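Survey of secondary and tertiary structure
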Amino acid sequence: NCTSTSPEVIVVNITEIDKTSFILYPNPVTYQATLEMNSSHSKTIQLLDSRGSLIRTWNTSDKRIEIAKNDLSTGNYFLTKQDDESITTISIIME
């Protein structure tokens, strides 16, 4: 006899992610991208390659930063914004 039981899932709280907390354009990036954020609070921005290796870090309270492609290879990257309230990650394509 084989008996299967499913685990019980209880949802305690769901917070909607504010997709307007930052905007990156253009994406895909050819030469340079602009990252605009709606908060002037202190935050850490990290650029990671497709393997998760850290490429660049910005510690800033600015509402806008420029990200130059410079020596970055063509491919997929991730941009993570971390502040006191949340961590948000988006995908970036470097052309």
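Model, not experiment: these values are computed from the prediction.

What follows concerns the sheet that holds strand 4 (residues 54-60). If you walk across this open sheet you meet the four strands as 4-3-6-7, and the pairing is antiparallel. Strands at the two margins of the open sheet, each flanked by one partner only, are strand 4 and strand 7 (87-94). The average angle at which neighbouring strand axes cross in this sheet is 20°, direction not considered. Sheet analysis places strand 6 (residues 75-82) next to strand 7, joined by eight bridges and oriented antiparallel. From the neighbouring strand, G75 faces strand 7, where its bridge partner is M94.

Note that P26 resides in the loop between strand 1 (22-25) and strand 2 (32-37). Between the C-alpha atoms of P26 and I93, which are 67 residues apart in sequence, the distance is 9.6 Å. Aside from chain neighbours lying at most four places away, what touches P26 is Q32 and A33.

Here the focus is the sheet that holds strand 1. Remark on secondary structure: sheet strands pair via backbone hydrogen bonds, oriented parallel or antiparallel. Spatially, 1-2-5 is the arrangement adopted by the three strands of the open sheet, whose pairing is antiparallel. Two strands bound the open sheet, and with one partner strand each, they are strand 1 and strand 5 (64-68). The average angle at which neighbouring strand axes cross in this sheet is 20°, direction not considered. Inspection of the sheet shows strand 2 paired to strand 5 by five bridges, in the antiparallel sense. Among the inter-strand pairings, A33 is bridged to a residue of strand 5, identified as I67.

Turning our attention to the pairing of strand 3 (residues 43-49). With five of seven residues buried, strand 3 lies mostly within the body of the structure. Both strand 3 and strand 4 contribute to a ladder of six bridges, which runs antiparallel. Bridging from a neighbouring strand, Q46 pairs with T57 of strand 4. Joining the antiparallel neighbours strand 3 and strand 4 is a turn of four residues, in which G52 adopts a positive phi near 95°. Bridge analysis of strand 3 against strand 6 gives six bridges, and the strand direction is antiparallel. Across the sheet, residue Q46 finds its bridge partner in strand 6, namely T80.

About the criteria used
- Residues numbered from 1 in each chain as written.
- Predicted model: local features only at pLDDT ≥ 70, side-chain atom pairs only at ≥ 80, totals over all residues.
- Heavy atoms only, no water.
- Pairing = 2+ DSSP bridges.
- Helix = DSSP H or I, 4+ residues; strand = E, 2+ residues; numbered from the N terminus.
- Axes fitted to C-alpha atoms, helices over the stretch in contact; angles between N-to-C directions.
- Contact = heavy atoms within 4.5 Å.
- Buried < 20%, exposed > 50% of the residue type's maximum accessible area, 1.4 Å probe, protein only.

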